[in-house]
Amino acid sequence: MRRLAPLLILAGIAALVLAPLGQGNYITYTLCSWLIFSIAAMGLNLTLGYAGQVSLAQASFMGIGAYATALLTMAGVHWLLAAPLAMLLCFVIGLALGYPALRVQHHFLAFVTLAFNTLVFLVLRNEEWLTGGSLGLVGIPRPDFWLVSTMKQLPFYYFTLVCFLASAGAMYWIVRSPWGRAFRALRENPVRAESLGLKIRRQTLLAFAIGSAFGGGAGAIVAPLVQFIEPGSFALVHSFKILLMVIVGGSGYFLGPVLGAAVVVLLPELLRGFQDYYLILYASFVIVLMIYSPTGLIGLGAKLAAKFKPAREERRDLQQGAQL
């Protein structure tokens, strides 16, 4: 399987490159949304799937990244500088929030991040002098890379695809690094991880901050995609939406957020042909999946593969042990 991994990766990239060809603007926009939410879900997967901490603030970090990028680009700063600054801002805010918030764990942390998401929404709505309030910000420019413009939908899709691949590469490096192994050890058994010398609080805080930065990066792409942002786009319901992506795809699996985002973003569009029943079908699919496979789509695939995999047969002459 490892030998086929490079070929599968190349095939997946080729499919993503060819996906929008011949499609209309709406389909291309939907594909862009899928890639963007995949980036945000990757960040939450690092916090939840690898570090084992529940966060309900990912949409708020998307909002912070989107507003920071919008304000900077509307002031004349190029996107290539505005987006990293927005991600850095989200990283710093993630550290500032995580330091007191991580004194609590699991569902208590979820309540703290829920309150933070609500606080960010209220700030975005009420501070009209900075954010435009309920009217939002209009006329956000799309990035122009000298000879290449992203004003049309297809070039912007490929711009989003490049950002997605760069984010996926960075996340792969993180989870394969010593940090990633420390995150997994922290999730499996914090006491044992601490006994081995890991600084639990520092590692958890780092996972939370990096996940927040990925959320900010997703927001930095959303702003020029829609060219209009308002507080409702980053309300609490969207944090639940990103959390659903991680759980449905498979929490703790590298490709889980990508598959989960496909289910949450693309599947409803595929079911629209059923008219008034498509939301019922979509909800039923998610409920059945969660009942029979709590580990998500990737976990379901692993179970099916295990059933069809030939069982390992032990040597019968060793069943009773060595006899003299």
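Everything quoted here is computed from the prediction, not taken from an experiment.

This part covers the packing of aromatic side chains. Scanning the model with the defined rule gives 8 aromatic pairs in all. With centroids separated by 5.5 Å and ring planes inclined at 40°, the aromatic side chains of phenylalanine 145 and phenylalanine 159 adopt a geometry described as tilted. Here the residue phenylalanine 145 occupies a position in strand E2 (residues 144-145), and phenylalanine 159 occupies one in helix H7 (residues 153-176), the gap between them amounting to 14 residues. For the cation-ring pair, arginine 142 lies above phenylalanine 156, with the distance from its terminal atom to the ring centre recorded as 4.5 Å. For the cation-ring pair, lysine 241 lies above phenylalanine 37, with the distance from its terminal atom to the ring centre recorded as 5.0 Å.

This brings us to helix H10 (residues 200-226). An α-helical turn contains 3.6 residues, so a residue and the one three or four places further along point in the same direction. The first and last C-alpha atoms of H10 sit 39 Å apart over 27 residues, in line with the 39 Å expected at 1.5 Å per residue. Burial runs high along H10: 22 of the 27 residues are buried. Glutamine 227 sits one or two residues past H10 and shows a positive phi near 60°.

Looking now at the side chain of serine 38. Mapped onto the elements, serine 38 comes out in helix H2 (residues 25-50). In this structure, serine 38 is in contact with Phe164, Pro257, Val258 and Ala261, ignoring residues within four places of it in sequence.

With that out of the way, let us pick up the confidence of the model for the protein. Per-residue confidence for the protein gives a mean pLDDT of 86, with 91% of residues at or over 70. Across the protein, the element-wise mean pLDDT spans from 71 in helix H9 (residues 190-195) up to 96 in helix H3 (residues 58-74).

In this section: unusual backbone geometry. Of note, tryptophan 146 is a non-glycine position whose phi angle comes to about 55°, a positive value. Following the sequence through the fold, tryptophan 146 ends up in the loop between E2 and strand E3 (148-149). Residue tryptophan 146 is classed as exposed on the basis of its relative accessible area of 69%.

In the contact formed by helix H8 (residues 178-188) and H10, the axes pass within 10 Å of each other and the chain directions differ by 110°. Taken as axis vectors, H8 and H10 run roughly perpendicular relative to one another. Where H8 crosses over H10, the two elements pack in a sense that is left-handed. Where H8 approaches H10, its residues Trp179, Ala182, Phe183 and Leu186 are matched on the opposing element by Ile200, Gln203, Thr204, Leu206 and Ala207.

Moving on to the side chain of serine 212. Structurally, serine 212 is set in helix H10. There is a polar contact of 2.8 Å between the side chain of serine 212 and the backbone oxygen of phenylalanine 208. Beyond its immediate stretch of four places on either side in the chain, serine 212 contacts Gln58, Phe61, Cys90 and Gly94.

Moving on: H2. Here H2 spans 36 Å end to end across 26 residues, near enough to the 38 Å set by a 1.5 Å rise per residue. The axis of H2 is deflected most strongly, by about 35°, at leucine 44. The element H2 is extensively covered by neighbouring structure, given that 22 of its 26 residues are classed as buried. Phi for glycine 52, located one or two positions after H2, is positive at around 75°.

Calculation notes
Residues numbered from 1 in each chain as written. Predicted model: local features only at pLDDT ≥ 70, side-chain atom pairs only at ≥ 80, totals over all residues. Heavy atoms only, no water. Phe/Tyr/Trp six-rings, centres within 6.5 Å; stacked < 30°, edge-to-face > 60°. Helix = DSSP H or I, 4+ residues; strand = E, 2+ residues; numbered from the N terminus. Lys NZ or Arg CZ within 6 Å of the ring centre and 35° of its normal. Expected span 1.5 Å × (residues − 1). Buried < 20%, exposed > 50% of the residue type's maximum accessible area, 1.4 Å probe, protein only. Contact = heavy atoms within 4.5 Å. pLDDT = per-residue confidence, 0-100. Axes fitted to C-alpha atoms, helices over the stretch in contact; angles between N-to-C directions. Parallel < 35°, antiparallel > 145°, perpendicular 65-115°, else oblique. Left-handed = near helix turned anticlockwise from the far one by under 90°. Polar contact = N/O pair within 3.5 Å; in protein donor to acceptor, adjacent residues only side chain to side chain. Bend = angle between axes of the 7 residues up to and from the residue.

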